[in-house]
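Architecture at a glance
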Amino acid sequence: MDYVTAAVPHPRSEGEGPARAGRRSLAVALMSGALGAAVALLATRQRWSEGVATVAGDPFPLSAKGSDVTGVPAALAIVGLAALVAVFAVRRTGRFAVSALLALSGAGIVVAALLGATDSSALDDKATQASGGTSSAVHAFDHTAWPYVAAVGGALILLAGLLALLYGRRWPAMSGRYERNGTPRPRRTPVVDPDRPEDIWKALDRGEDPTGA
């Protein structure tokens, strides 16, 4: 007589897929968010544009850093970094709102950096100052690759925000084990139902004796 046996999945394996995806997305978001903020801040301190103005009939070379062109990428990089940390301090609706702020910060950096790559107003202001207050324009205008580096930093922050929006509900939050006065809250031992195999497996994972012996 033949018997048909069905494979019963281990209770612990049922949640391994979502848990693994949550851990992986968390690691990627942390790395991309922190790296993106660092890259954006570094890029704003570099030379973004250069040109030549005519001062007293002679050519006068000028250059402008990213912070001279626009302060938006640096400000949003700091906001994004703060939002990345705050994601773990809030739950549910608050986490969704902070994740959206993180994504918007990255998108704002990308837009501001790309617009700054073609902005010559900072050089025009420097040309006016060099000519003694007389309005002067810059010719032979050129830009460096640093605005695009800042845009890459913004894209990394945007990626972190999108991952937080998609997988943030699976990420851990700051522990609420301690009361406001600093004393630890008593841990509640989960009740083990001997008729539920998953409860028995969880008790064994915690190092408890599910039989109560």
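Throughout what follows, the structure given in this document is the object of discussion. None of the values given here were measured: they were computed from a predicted structure.

**Let's talk about a nonpolar patch on the surface**
Taken together, the side chains of Val28, Met31 and Leu159 make up a nonpolar region of the molecular surface, amounting to roughly 260 Å² of accessible area. When you line up the elements, Leu159 lands in helix H6 (residues 146-167). By relative accessible area, which is 37% here, Leu159 ends up partly exposed.

**Describing the packing of aromatic side chains**
Throughout the structure, instances matching the rule amount to one aromatic pair. Where Phe88 meets Trp171, the ring centres are 6.1 Å apart and the plane angle is 20°; that geometry is what we call stacked. In this pair, Phe88 sits in the loop between helix H3 (72-86) and helix H4 (92-116) while Trp171 sits in the loop between H6 and helix H7 (197-205), placing the two residues 83 residues apart along the sequence.

**As for the pattern of salt bridges**
Taken as a whole and assessed by the stated rule, the structure comprises two salt bridges. Put simply, Glu50 and Arg47 hold a salt bridge, and the shortest N to O gap is 3.3 Å. Residue classification places Glu50 among the partly exposed positions, given a relative accessible area of 26%. In this structure, the salt-bridge partner of Lys126 is Asp68, at a minimum N-O distance of 3.4 Å. Pair noted here: Lys126 is in helix H5 (residues 121-130) and Asp68 is in helix H2 (residues 66-69), with a separation of 58 residues, a long-range link.

**A short note on unusual backbone geometry**
Here the phi dihedral of Arg92 falls at roughly 50°; this positive angle occurs in a residue that is not glycine. For Arg92, the location among the structural elements is in helix H4. Under the relative-accessibility criterion, Arg92 is labelled exposed at 77%.

**So, the nonpolar core**
Among the nonpolar cores identified, the biggest contains 17 residues, and Ala29, Val87, Phe88, Leu102, Ile109, Ile157 and Trp171 are the most heavily contacted of them. Elements with a contribution of two residues or more to this core: helix H1 (16-44), H3, H4 and H6. When near neighbours in sequence (up to four residues on either side) are disregarded, Leu102 contacts Gly80, Ala83, Leu84, Ile157, Ala160 and Gly161. Ranked by size, the runner-up nonpolar core spans 13 residues in total, among them Ala122, Ala127, Val138 and Ala151.

**Regarding H4**
In this model H4 runs 36 Å from its N-terminal to its C-terminal C-alpha over 25 residues, within 8% of the 36 Å that 1.5 Å per residue would give. Where H4 is concerned, the buried positions are Arg95, Val98, Ser99, Leu102, Ala103, Ser105, Gly106, Ile109, Ala112, Ala113 and Gly116.

**A short note on H6**
With 22 residues, H6 should reach 32 Å at 1.5 Å per residue; the first-to-last C-alpha distance of 32 Å fits that figure. Among the residues making up H6, those that are buried are Pro147, Ala150, Ala151, Gly153, Gly154, Ile157, Ala160, Gly161, Leu163 and Ala164.

**Comments concerning the sheet that holds strand S2 (residues 58-65)**
An order of S2-S1-S3 is seen for the three strands of this open sheet, with the pairing classed as antiparallel. Each having just a single partner strand, S2 and strand S3 (139-143) make up the two edges of the open sheet. Neighbouring strand axes in the sheet, compared pairwise and without regard to direction, differ in orientation by 15° on average. The pairing of strand S1 (residues 47-55) with S3 spans three bridges and is classified as antiparallel.

Conventions used here
Residues numbered from 1 in each chain as written. Predicted model: local features only at pLDDT ≥ 70, side-chain atom pairs only at ≥ 80, totals over all residues. Heavy atoms only, no water. Patch = residues over 30% accessible without salt bridge, like charges linked within 9 Å, V, L, I, M, F, W, Y side chains within 5 Å. Areas by Shrake-Rupley, 256 points an atom, 1.4 Å probe, with all protein chains shown as cover. Salt bridge = Lys/Arg side-chain N within 4 Å of Asp/Glu carboxyl O. Helix = DSSP H or I, 4+ residues; strand = E, 2+ residues; numbered from the N terminus. Buried < 20%, exposed > 50% of the residue type's maximum accessible area, 1.4 Å probe, protein only. Phe/Tyr/Trp six-rings, centres within 6.5 Å; stacked < 30°, edge-to-face > 60°. Core = buried A, V, L, I, M, F, W, Y, C linked by side-chain atoms within 4.5 Å. Contact = heavy atoms within 4.5 Å. Expected span 1.5 Å × (residues − 1). Pairing = 2+ DSSP bridges. Axes fitted to C-alpha atoms, helices over the stretch in contact; angles between N-to-C directions.

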